[in-house]
Structures are given as C-alpha cells and as structure tokens.
Amino acid sequence: MAVLLLAEITDGQLAMDATAKTVTAAKPLGDITVLCVGATCAAAAKEAATIEGVSKVLCAEHDLYGHRLAEPAADLVVSLAGDYSHIVAPATTDAKNLMPRIAALLDVMVISDITAVIDADTFERPIYAGNALQTVKSADTTKVISVRGSVFDAAATGGSASVENIGAASDPGLSSWVEDKVAESDRPELTSAGIVVSGGRGVGSEDDFAMIEKLADKLGAAVGASRAAVDSGYAPNDWQVGQTGKVVAPDLYIAIGISGAIQHLAGMKDSKIIVAINKDEEAPIFQVADYGLVADLFDAVPKLIDAL
Amino acid sequence: MKVLVPVKRVIDYNVKVRVKADGSGVDLANVKMSMNPFDEIAVEQAIRLKEAGKAEEVVAVSIGVKQSQETLRTALAMGADRAILIVAADDVHNDIEPLAVAKLLKAVVDEEQPGIVLCGKQAIDNDMNATGQMLSALLGWSQATFASELDIDGDKAVVTREVDGGLQTIKVNMPTVVTVDLRLNEPRYASLPNIMKAKKKPLDEKTPADYGVDVGNRLEIVKTAEPETRKAGIKVGSVEELVTKLKDEAGVL
Ligand SMILES: Cc1cc2nc3c(=O)[nH]c(=O)nc-3n(C[C@H](O)[C@H](O)[C@H](O)COP(=O)(O)OP(=O)(O)OC[C@H]3O[C@@H](n4cnc5c(N)ncnc54)[C@H](O)[C@@H]3O)c2cc1C
Ligand SMILES: Nc1ncnc2c1ncn2[C@@H]1O[C@H](COP(=O)(O)O)[C@@H](O)[C@H]1O
C-alpha cells in the first residue's frame, strides 16, 4: 500500500501544521509520498521532506498550479494515481475543492473529513454537524480522503526524505485566477492556535468586534466568529467556526455573545476547555462550557482584558 | 440559457439529530425535513439570474425518496419553472452517495443542456461537500466552489469564493458548475399565491434506470455512533473568578 499525500501550499508556502497532521493520520495506510504543487514550491517541498514518516516528496512546479485552481491540479494527481492505494489531503478549502474532482475522475467515492483511520478501507467521519459519527468501509480500489486536522497531532520534523521534481500535466484551460483578498495578520492561524477567542451576534457591530480582537491579542490567540457575526459583517468569512466553516480544537476556546447553535458547536466542541460569556443564562453554549459567565459582554470583556 | 439546480431533501437544520439505538444510522422517521439550506441559496441565485435576464429557464432536480417532491414544490414555489424527480430510494434512510448523484445529474445535464449548474456547497446531512465537484469532473467542465459572488458575462463567469485564507476570485469558462456558499444571497420565502401556482408547474418523475445509472453505494456504513457528549461545567460568578479558574484549575493561562 502506498499513500500520495497532497501538501497544503499557498503562494509557495507550506502549511506545515495541516500537512504534518495529515501525515500522522495517513501513517497506518502505507508508505507516504508527499506531492507539492505550485507555481513555486521547491522550498515547500524541501520543508515537507523534513516531516517524519514521509518517504519521498514529489515537486511539481509550474505556472499552471499557481493559484490552486482545481482542474489542472486534479488532472496532475489523476496522472499519478495509478501508483497509490490512498490519496489523502488535509480537509482545507483547497482540498475540499480538489479531492471530489479527483475521486470522480477515478470513478471512486470521496471520503470527506475523516476523524479516524480504522483500517486501510475503513474510516470514521462525522455527519449531521458532528451529531453522529459514521464508520464507513470503502469498496473502491483507490481511496480518496480528506482528513480533519483538529483530531490528529502534527508529525514531528527531523526527517530527510528525497525530493524529486516532476513535470506538469496538460492544461485543461477551463479557469483562470483573477485575485485573492487575503487579510495579513500576525495572529496565530485559527486551526492551529492554542487559544481561540470568538465573537457572535451579541457583539453587535464591527466596531465592537475590535474588543474581541483586543482580548485575543492579549492572550496571543486567534480570532473566530459565528456565522451570524460573519453574515452581519463584523468579521471576515475566514473566521467562521462551525459545520460549514473551520473546525478548531484549541486548549482554550472563549465564546463571547454566541448562543451555541449546533452548527457552531460542530466547529469547536472538541476544544479542551470552553469558556462562554453570554447574558442569557439559558443559552445552549453553557451546556458545553467548562466555565460559564452569565454577564453582559460589554462589561465582562473589558474587565477580562484588564485582568490578564 | 437554462439553469439546473439540484436540491436535496434533508433533515431540517433546526432538528436535533438522534442516533438509532442499534447503531444502524440516525433516526429520520417522523422528523421535519426541508430543502438543504445551501440549495435554497442556489435556487434563489437561479431565479435572480432569470430576473436579471441572464437565464430563460430554471429547472430544479432532486434525487431520493418520492417525498422529495415536496422539496421540488418548494423550489417551484420560490420561482423555478420545472422540476425533475429521480426516485432512487424507497426509504429515507437510504442516502444516495455524491458519486451516484453526480452521475445522475450528468445524465440530466446531457439531456437538458444547461449553461450552468448551481449546487449547494454541502448537504447538511452527510456533510460530504462533493457533488458539485464530482459533477464538474464527469462533465469535463470548469468548477467554482463555495461561491459568495457570481457574475455571468457571456461565455465566462466570474466567481468569488470563500476560502481558508479569505476570498479568491476566479474566472471560469461556461458552461460551468458552481457550488454556493452562505453569503451569496438571502433566499426569498415563497408567497402563498406562488405556492398555489407551484402545484400546477410540471414535475417529471424518473428512475435511475431511465438514465442507466447504478446508484449502488461504494461506502458501506459499518456503524453510526453517538459522539461523546460534553458535560456542562460550572458557572463562575465574576471575571476574577474566571481568570483564577483558568489559571489554577484548568491551567490554560
Ligand atoms: C446551513 C447552515 C450552516 C451554518 N453554519 C454555521 C457555521 O459554520 N458556524 C456558525 O457559527 N453558525 C452556522 N450556522 C448558523 C447557526 O445556525 C446560528 O444561526 C449561528 O451560529 C448563530 O450565531 P450567534 O450565536 O452569534 O447568534 P445568536 O444565535 O443570535 O446569539 C447571540 C447570543 O449573544 C447573546 N448576547 C447578546 N447580547 C449580549 C451581550 N451584550 N452580552 C452577552 N451576550 C449577549 C445572546 O444572549 C445570544 O445567546 C449555520 C446555519 C445554517 C442553516
Ligand atoms: N440527492 C440529491 N438530490 C439533489 N441534489 C443533491 C443530492 N445530493 C446532493 N445534491 C446537491 O449537491 C450539493 C452538495 O451535496 P453533498 O456533496 O452531498 O454535500 C447539495 O447542496 C445539492 O445541491
């Protein structure tokens, strides 16, 4: 058995945490070859080669792959697929875009967002916003899988796998990149942060959301948000935590002015310690919170910032 | 141009899901079912394309049990012109996998020749997030997933996508498959007169055999389990107490 593992690379940069967590998940499945794809990815390939458990790195550097478009990357992976029993990637938006396309081209079912590897054919995955865990056994010859990072520890670095450059596949010419709108931030990344401070509709406005960010900065935390906060324009879309946003499991998750809808809980209920600040003592978020504070957030949050 | 909108009948998003005691699945007997919320957004977008003069006809299609008719009637009441139901299961607990759904949708596309297919990004029951991408692959078309903005201009569509780092805008060749995200629009409610009118709109019924597609699953469901539930902790009386607990008891500060 052999695994082709798609490294998460954005603008030439390896997302080490997401990739290394996927290596941990894939280790029981066989010998791991990491595929790095990008307009520039030689540095990322070199870095991926240091992840322990990786036997080999393939580096496909070509302009075609510069903006993570699904169609050319899927064609490349399909051209390599014959050598592997499993094709895996971290369940990022890039992989969610790409993996089902690869699976369909191989005429196999994709297995999205797995949370455990039972054996080479059998995997566990959450369904219904994490309200049920399903164990599925695949009858397909090639397994195409995305891996939920929040449940796996990152593999260590210190290895030194070989890196081999490979050529590009042909250009399907179906789509082109126009622009990225990415907010630069010095804060830790949401899915790998040790502490996450999230704000919801209760925060009330974009201006007041600055208070949530200030608390996060005091704690060296990442900032998250509920769907309602994103829909209302208090926070950007990439901060959304939940069933259809990001899934996080930090040591400490602080939910402020968030009611605790199942779709939100789906993205954070595996956090080690959960704190909720809400003025409604009946709010469902208190049913999962280790520490609940029934209070007006406009009173509690400034006090909390001062107390830290 | 014709717009094809696949809509799935799923458990209503407000219902708390319960796993069946024998671990064979979740209990869908007598629970409220609704249109997948992302698909409402897709239907809304299709209707807006028609209202903007960029599309002539909106066709909704659903694959599943016979009762998916209700979901299609909802789409028709919102403003879709016509519906196709592919009855592929006789039990709500038999979910058709995205690969089989994509194959059926491809057959419908071959017949209907739409200029665009608007899928939801994810069905909130299986949480697969796969069908649109799979359909696009089978058709050899372009794909634009997780759309929060969509603009069609001749033989291209410009789509802004919600991605992990923020937003990405791409330009795709038409025909195309777009999967829609939460921020694309706010779906309308069907008015009572439109609900009445929808009853008279055409709804074709088909079977997978009509399209020669095998809907057998590739993934065998070994078991379905309840996740570990989290117990509520304690309420603290003040910010000071919270900080003390986090430092001394939880050790996370
Ligand atoms: C298809 C679909 C997908 C979804 N995906 C997601 C997702 O990924 N993530 C997500 O979060 N949601 C998601 N949702 C939305 C979800 O159902 C809820 O609507 C949303 O999580 C509510 O956000 P909220 O808790 O911020 O707002 P509300 O439910 O309005 O709660 C606001 C809370 O703030 C409290 N509050 C108000 N003022 C104050 C104050 N001054 N001090 C203290 N507390 C205060 C209130 O008591 C209340 O509990 C999804 C929904 C659907 C249909
Ligand atoms: N049985 C179905 N009938 C109609 N459309 C479907 C069906 N299953 C999936 N879809 C479409 O594909 C999208 C993504 O579903 P999924 O890949 O299952 O998460 C949904 O939002 C629908 O638009």
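Rules and cut-offs
- Residues numbered from 1 in each chain as written.
- Chains lettered and ligands numbered in written order.
- Predicted model: local features only at pLDDT ≥ 70, side-chain atom pairs only at ≥ 80, totals over all residues.
- Heavy atoms only, no water.
- Helix = DSSP H or I, 4+ residues; strand = E, 2+ residues; numbered from the N terminus.
- Buried < 20%, exposed > 50% of the residue type's maximum accessible area, 1.4 Å probe, protein only.
- Areas by Shrake-Rupley, 256 points an atom, 1.4 Å probe, with all protein chains shown as cover.
- Lys, Arg positive; Asp, Glu negative; His and termini not counted.
- Charge placed at Lys NZ, Arg CZ, Asp CG, Glu CD.
- UniProt positions renumbered as here; feature names shortened; annotations may be inferred.
- Near = heavy atom within 4 Å.
- Polar contact = N/O pair within 3.5 Å; in protein donor to acceptor, adjacent residues only side chain to side chain.
- Pairing = 2+ DSSP bridges.
- Axes fitted to C-alpha atoms, helices over the stretch in contact; angles between N-to-C directions.
- Contact = heavy atoms within 4.5 Å.

> Just give me the short version of the overall build of chain B, but keep the residues and values in it.
In terms of regular secondary structure, chain B is built from 7 helices and 13 strands. Oriented by its inertia axes, the alpha-carbon framework of chain B measures out at about 65 × 45 × 40 Å. Out of the 253 residues in chain B, the part that is buried amounts to 55%. In the structure as shown, chain B presents an accessible area of about 10800 Å², 48% of it carried by carbon and sulfur atoms. Here chain B holds 33 positive side-chain charges and 39 negative ones, and the gap between their average locations is 2 Å.

> I'd love a proper account of the UniProt feature "domain: Electron transfer flavoprotein alpha/beta-subunit N-terminal" (unreviewed entry) in chain B, names of residues and values included.
As recorded in UniProt, the sites labelled "domain: Electron transfer flavoprotein alpha/beta-subunit N-terminal" (unreviewed entry) are residues 23–215 of chain B. Annotation note: span residues 23–215 of chain B, helix share 32%, strand share 31%, distance between end C-alpha atoms 23 Å.

> Which residues make up the UniProt feature "domain: Electron transfer flavoprotein alpha/beta-subunit N-terminal" (unreviewed entry) in chain A, and what values go with them?
Following the UniProt record, one finds the feature "domain: Electron transfer flavoprotein alpha/beta-subunit N-terminal" (unreviewed entry) at residues 3–181 of chain A. This span, residues 3–181 of chain A, is 23% helix and 37% strand, and a straight line between its end C-alpha atoms measures 33 Å.

> Describe in detail the site of ligand 1, supporting the description with residues and values.
In the region of ligand 1, 29 residues are neighbours, and Arg201, Ser226, Gln240, Val241 and Ser259 of chain A sit closest. Of the chains in the model, those with residues near ligand 1 are chains A and B. Measuring from an oxygen atom of ligand 1, one finds a backbone N or O atom of Gln243 of chain A at 3.3 Å. Within the contact set of ligand 1, a nitrogen atom lies 2.8 Å away from a backbone nitrogen or oxygen of Leu297 of chain A. For ligand 1, whose accessible area on its own is 980 Å², the fraction buried by protein is 86%. When residues of the shell around ligand 1 are traced back to their parent elements, those giving at least two are α6 (227–231), α7 (262–265) and α8 (297–307) of chain A together with α1 (37–51) of chain B.

> Please give an account of the sheet that holds strand β13 (residues 175–182) of chain A that cites residues and values.
Taken in spatial order, the 10 strands make up an open sheet running β13(A)-β9(B)-β8(B)-β7(B)-β10(B)-β6(B)-β1(B)-β4(B)-β5(B)-β11(B), and their pairing is mixed. Of all the strands in the sheet, the pair left with one neighbour each is β13 of chain A together with β11 (203–206) of chain B. Strand-to-strand twist across the sheet, computed as the mean angle between neighbouring axes with direction ignored, equals 30°. As paired strands, strand β6 (residues 116–120) of chain B and strand β10 (residues 176–180) of chain B are joined by 5 bridges and run parallel to one another. Along β10 of chain B, the bridge assignment pairs Ile116 of chain B with Thr176 of chain B. Packed onto the sheet, helix α4 (residues 93–105) of chain A meets β7 (142–153) and β8 (156–163) of chain B and runs at close to 100° relative to β7 of chain B. Sitting on the sheet, helix α2 (residues 68–78) of chain B touches β4 (57–64), β5 (82–87) and β11 of chain B, and the angle it makes with β5 of chain B is about 165°.

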